[in-house]
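# A structural walkthrough
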Amino acid sequence: MTSSAVTGVRDIDPPLAVAVSAGASAASIGARADSLRDTEVDGGVRVDARGRPQPDRELRRLFDYFLSRTGEQSPEAIRVALIAHLQPHLAADALATVLAWFDAYVALERDSVAAGHEARDMEAAVARVRSLRRERLGAELAQAWYGEEERAYDDALARRRLLADRSLDEATRARRVAELDARLDPQWQAERAQGLELDSAVRQSRAFEARRVDAATRYAEREALYGREAAQRLAQLDARKAQWQDRLRRYAAQRQRVLADTALSDSQRRQRMASLLQGFDANERRRVDALARNGLLPGP
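These figures come from a predicted structure and were not determined experimentally. (Residues numbered from 1 in each chain as written. Predicted model: local features only at pLDDT ≥ 70, side-chain atom pairs only at ≥ 80, totals over all residues. Heavy atoms only, no water.)

### Re helix H4 (residues 122–137)
In a regular helix each residue adds 1.5 Å, so 16 residues correspond to 22 Å; H4 covers 22 Å between its end C-alpha atoms and thus fits that length. Phi turns positive one or two residues past the end of H4, at Gly-138, with a value near 90 degrees. (Helix = DSSP H or I, 4+ residues; strand = E, 2+ residues; numbered from the N terminus. Expected span 1.5 Å × (residues − 1).)

Quick look at the structure:
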């Protein structure tokens, strides 16, 4: 949704939908928007001709936008801000439905982190999280929000199992992999081809990091494999990644000092945590929040 207006009408199936769009400034939510002040709201709510909210990815993006303030505002304050954003544009029953989905999504995110820690391995963790999605959201909403990434995971898992199956000869393995690829639509097949080259570049970059390979050697090896243009882009990515890690380390150290300061009240701690995020844009804040919630911020 790219309109600058808060609401708009566009054709979908059913024919009409009212969109609570991404065009509203976060400043309009109120002064308490904190780190999201002056940013554009990401995502929105579409309703059909009968005023019923549509459970699509735009709605999940809207929830993620508001939840990116987790850590600087209380869950109650985040929910109130979401209500303030939606209330002028939705009927009471539609708003109640969206809020019920929001509450279920928040519970799912919390329980998914716990499930990941408790699972014995990655496949068990994914299976448990997939089950939780349907328990918390219902089949329709879980499919709308997670169906695409679950299909991608299933395809990757099937491929990995084929490649690891030592009972298969090379010809049989190649045939079954081709059969797996044939089930993908043309767009997925094109993305798969790009993904394979990307996987190779990622593995190479990890090997470079493990061996502490200097920038000039990285460039030369990449140019030989992928060409000059790709080597230049990868060098730029290396530089941005290094800068990002430096920023994360500084944030993590400052955050730890705030959390350890017993002289701060809860209100002061929230204010300090919010101020630490001022150097990140809205998308970066969501990444930082996810890393912090999952204990994945870098050490000193």
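### Points about the side chain of Glu-150
Along the chain, the position of Glu-150 falls in helix H5 (residues 139–164). The contact partners of Glu-150, leaving out residues within four places of it in the chain, are Arg-130, Arg-133 and Arg-134. (Contact = heavy atoms within 4.5 Å.)

### Concerning helix H2 (residues 75–86)
Between its first and last C-alpha atoms H2 spans 17 Å; for 12 residues at 1.5 Å apiece the expected length is 16 Å, and the two agree. Taken together, the buried positions of H2 are occupied by Ile-78, Ala-81, Leu-82, His-85 and Leu-86. Taken end-on, H2 shows its buried residues confined to a sector of 130 degrees, consistent with a single buried face. (Buried < 20%, exposed > 50% of the residue type's maximum accessible area, 1.4 Å probe, protein only. Arc of directions from axis to C-beta.)

### Points about the nonpolar core
By size, the foremost hydrophobic cluster in this structure holds 30 residues, and its most contacted members are Phe-63 and Trp-145. Elements with a contribution of two residues or more to this core: strand S3 (45–47), helix H1 (57–67), H2, helix H3 (92–118), H4 and H5. Among the elements that line this core, the one with the most residues is H3, at 10 residues. Residues contacting Phe-63, with those up to four places away along its chain left out, are Leu-82, Val-98, Trp-101, Phe-102, Tyr-105 and Trp-145. (Core = buried A, V, L, I, M, F, W, Y, C linked by side-chain atoms within 4.5 Å.)

### As for the environment of Leu-264
Along the chain, Leu-264 turns up in the loop between helix H9 (228–260) and helix H10 (266–276). Since its relative accessible area comes to 10%, Leu-264 is described here as buried. What Leu-264 contacts, discounting residues up to four positions off in sequence, is Val-258, Arg-269 and Arg-272.

### So, the environment of Leu-108
Positionally, Leu-108 belongs in helix H3. Among the residues examined, Leu-108 registers a relative accessible area of 0% and is labelled buried. Note: C-alpha distance between Leu-108 and Arg-133 (25 residues apart in sequence) is 6.6 Å. Setting aside chain neighbours within four positions, we find Leu-108 in contact with Leu-132, Arg-133, Arg-136, Leu-137 and Tyr-146.

### Here's the deal with unusual backbone geometry
Look at Arg-212: it is not a glycine, yet its phi comes out positive at around 55 degrees. Considering the arrangement of structural elements, one finds Arg-212 in the loop between helix H7 (186–211) and helix H8 (215–226).

Spatial relationships are all this shows, so hold off on functional conclusions.
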